[in-house]
Amino acid sequence: MKNKKLPRVLIAPNAFKESLTAYEAAKAIQKGILRVNPDIKTTLIPIADGGDGTMDVLVRGLGGKQKTTTVMGPMDEVVNAKWGIINRGKSAVIEMAQASGLFRVPINHRNPLKAHTYGTGELIKKCLDSDVSEILVGVGGSATVDMGTGALMALGIKFLDKKGKVVGLGGGNLTQIVSIDDSNLDRRINKVKIRVACDVKNPLLGKDGAVSRYAPQKGATPVMLVQLEEGFIHFNELIQRTFGINLSKVPGAGAAGGLGAGLMAFINAELVSGSDYIMNELNIDEALKNNELVVTGEGKMDSQSRSGKAPSALAFRAQKYHCKVIALAGIIGNNRQALHNDGFTALFPIQNGPMSMTESIAESNQLLTRQTEEIFRLIINI
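Residues numbered from 1 in each chain as written. Predicted model: local features only at pLDDT ≥ 70, side-chain atom pairs only at ≥ 80, totals over all residues. Heavy atoms only, no water.

A. Region of interest: the packing of aromatic side chains. Taken as a whole, this structure holds four aromatic pairs when the rule is applied. What links up through ring pairs into an aromatic cluster is the set F159, F235, F243 and F266. Lying over the aromatic face of Y23, R60 brings its terminal NZ or CZ to 4.0 Å of the ring centre. (Phe/Tyr/Trp six-rings, centres within 6.5 Å; stacked < 30°, edge-to-face > 60°. Lys NZ or Arg CZ within 6 Å of the ring centre and 35° of its normal.)

Encoded structure:
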């Protein structure tokens, strides 16, 4: 046993939603590994996919700078939103949830008919003020279902009703829009590459679209769902007549309440896989080449994990380099075999007994460290 070669370990978790940032999760995992043997070589590269933690991961990983700006929140409140400058000042990164996120709205006040993305547009304008050439917009965790109209209003576009008046903010007003005035659009936007980092591949409309799949968790009642879907259909048809493009089937257009679709149509944004973009920026392939074992994870792993989430994208890449991949999660769904087929060698829940969600979140750091320690006791002693 004393002469056994110790594995080189890449620690690359996503954020554990509502409990740990990706960086905190990585440190907790590293702590568990080093408890077993402090000589194990570990490399920490926290990852993200466009959702929670995207800005923090890129700013930390690329040596950028974090900034804070006051903007309008999703229900008209004033909020302090964080954003980042990376790539030696050439690029900016935004998490739309910082301005327009679900965490900003108490459960009993959630209303996707009124929630809007205006503050996200204000963040984009702030990036333009910094004279960057590229802006990455991470679109996970939104409180909104407005197809990005709020953000576009902040950038100067007017959406008009049949009387020629500007419509109000929020997804509930989409059916009132009959014409578009982009004469006051901030023209600096034409000189900047906008990328929308999606953590899901859902289309804009239909049973897997933005409204049906995600609006209920944002407070939508069955009646609201009908109204919002009608608004999406109406506004998509208006975009099609105006620009000659149909966004209804574009993978990822339904992310963040259709924000991606709106930014594509009006400011020529490009939808990208958040996982792939971020891992390329962090040069994750080089790390995979130099490590035999990968430990990743996030708060919950299930069927949605296979649709653009960071740990699954990492496991898929790891197969090319013959890395074994261990995943740790607060909850693991029933589709374990599908996840194994995607490249996960083994999956482990971190809970060590019956406990409530509140308890699990509160103790997630210790649970993650303890479960990692037990796993590596087995690995090292086989």
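The rest of the description comes next.
B. Main features of the nonpolar core. Judged by nonpolar contacts, the single largest core of 61 residues is most densely connected at I135, V139, F159, F232, F235, F266 and I267. Residue contacts for F232: discarding those within four places in its chain leaves V145, M147, L174, L204, L205, A210, V211, G257 and G258. In terms of nonpolar packing, the next biggest core, distinct from the first, is built from 38 residues, L58, L314, A315 and I332 among them. (Core = buried A, V, L, I, M, F, W, Y, C linked by side-chain atoms within 4.5 Å. Buried < 20%, exposed > 50% of the residue type's maximum accessible area, 1.4 Å probe, protein only. Contact = heavy atoms within 4.5 Å.)

C. Up close: the sheet that holds strand β1 (residues 9-11). Here we have five strands laid out as an open sheet, ordered β2-β1-β11-β12-β13, and parallel in their pairing. Looking along the sheet, the strands with just one partner apiece sit at the ends: β2 (42-44) and β13 (346-349). Across the sheet, the mean angle from the axis of one strand to that of its neighbour is 25°, orientation sign disregarded. Bridge count for strand β12 (residues 324-332) against β13 is four bridges, and the pairing is parallel. (Pairing = 2+ DSSP bridges. Helix = DSSP H or I, 4+ residues; strand = E, 2+ residues; numbered from the N terminus. Axes fitted to C-alpha atoms, helices over the stretch in contact; angles between N-to-C directions.)

D. Region of the structure containing the packing of helix α9 (residues 274-281) against helix α11 (residues 310-320). Two elements in contact, α9 and α11, have axes whose closest approach is 9 Å; the angle formed by their N-to-C orientations is 60°. Considering how the two elements wind past one another, α9 and α11 form a crossing that is right-handed. Between α9, through S275, D276, M279 and N280, and α11, the contact on the second element is made entirely by A310, A313, L314 and R317. Class assignment for the residues of the contact of α9 with α11 results in four nonpolar, two polar and two charged. (Left-handed = near helix turned anticlockwise from the far one by under 90°. Nonpolar A, V, L, I, M, F, W, Y, C, P; charged D, E, K, R; others polar.)

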